[in-house]
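Chain and residue survey
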Amino acid sequence: AKSLLALEQVGAALPHFARAAQLAPERADVQKQFARARAIGERLDAVIASQREALAREPNSAAAHAQLAETLRQAGRTAEAEQHRAEAMRLGGKK
């Protein structure tokens, strides 16, 4: 789970942290790591919402699609991230 979090794969890391916290409720270090991962995940949800708002106002922005794709990737939502990455590329953006 720590490795996934270090790789900015919060969405993939959360279930592992949740399981570890469930298996070791007495371990403060595990509980703190789980809390940190949850906080990052919640912030990512807020960022995604803001990026969707920007995209709604400028749907042909390669940069907006690319930014949303990266945040979705970090949240572990790879299929959706790939759709926005492909749209950014189609609109002339970077990989």
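Residues numbered from 1 in each chain as written. Predicted model: local features only at pLDDT ≥ 70, side-chain atom pairs only at ≥ 80, totals over all residues. Heavy atoms only, no water.

Description of the pattern of salt bridges
- As enumerated under the stated definition, the model contains seven salt bridges in all.
- Between Glu70 and Arg73 there is a salt bridge, and its shortest N-O distance comes to 2.6 Å. Of this pair, Glu70 and Arg73 both sit in helix α4 (residues 62-74), three residues apart, which is roughly one turn of that helix.
- With relative accessibility at 33%, the residue Glu70 sits in the partly exposed group.
- One salt bridge in this structure joins Arg85 and Glu82, with 2.8 Å as the shortest N-O distance. Remark: Glu82 and Arg85 occur in helix α5 (residues 78-90); sequence separation between them is three residues, near one turn of the helix. (Salt bridge = Lys/Arg side-chain N within 4 Å of Asp/Glu carboxyl O. Helix = DSSP H or I, 4+ residues; strand = E, 2+ residues; numbered from the N terminus. Buried < 20%, exposed > 50% of the residue type's maximum accessible area, 1.4 Å probe, protein only.)

Description of the packing of helix α3 (residues 28-57) against α4
- Where α3 meets α4, the closest approach of the two axes is 10 Å, and the angle between their N-to-C directions is 160°. The angle between α3 and α4 places the two elements in the roughly antiparallel class. The handedness of the crossing between α3 and α4 is left-handed. Only Ala64, His65, Gln67, Leu68, Thr71, Leu72 and Gln74 of α4 make contact with α3, whose side of the interface consists of Leu44, Val47, Ile48, Gln51, Arg52 and Leu55.
- The residue makeup of the contact of α3 with α4, split by class, is seven nonpolar, five polar and one charged. (Axes fitted to C-alpha atoms, helices over the stretch in contact; angles between N-to-C directions. Parallel < 35°, antiparallel > 145°, perpendicular 65-115°, else oblique. Left-handed = near helix turned anticlockwise from the far one by under 90°. Contact = heavy atoms within 4.5 Å. Nonpolar A, V, L, I, M, F, W, Y, C, P; charged D, E, K, R; others polar.)

Such coordinate-based values are descriptive only and should not be taken to indicate function.
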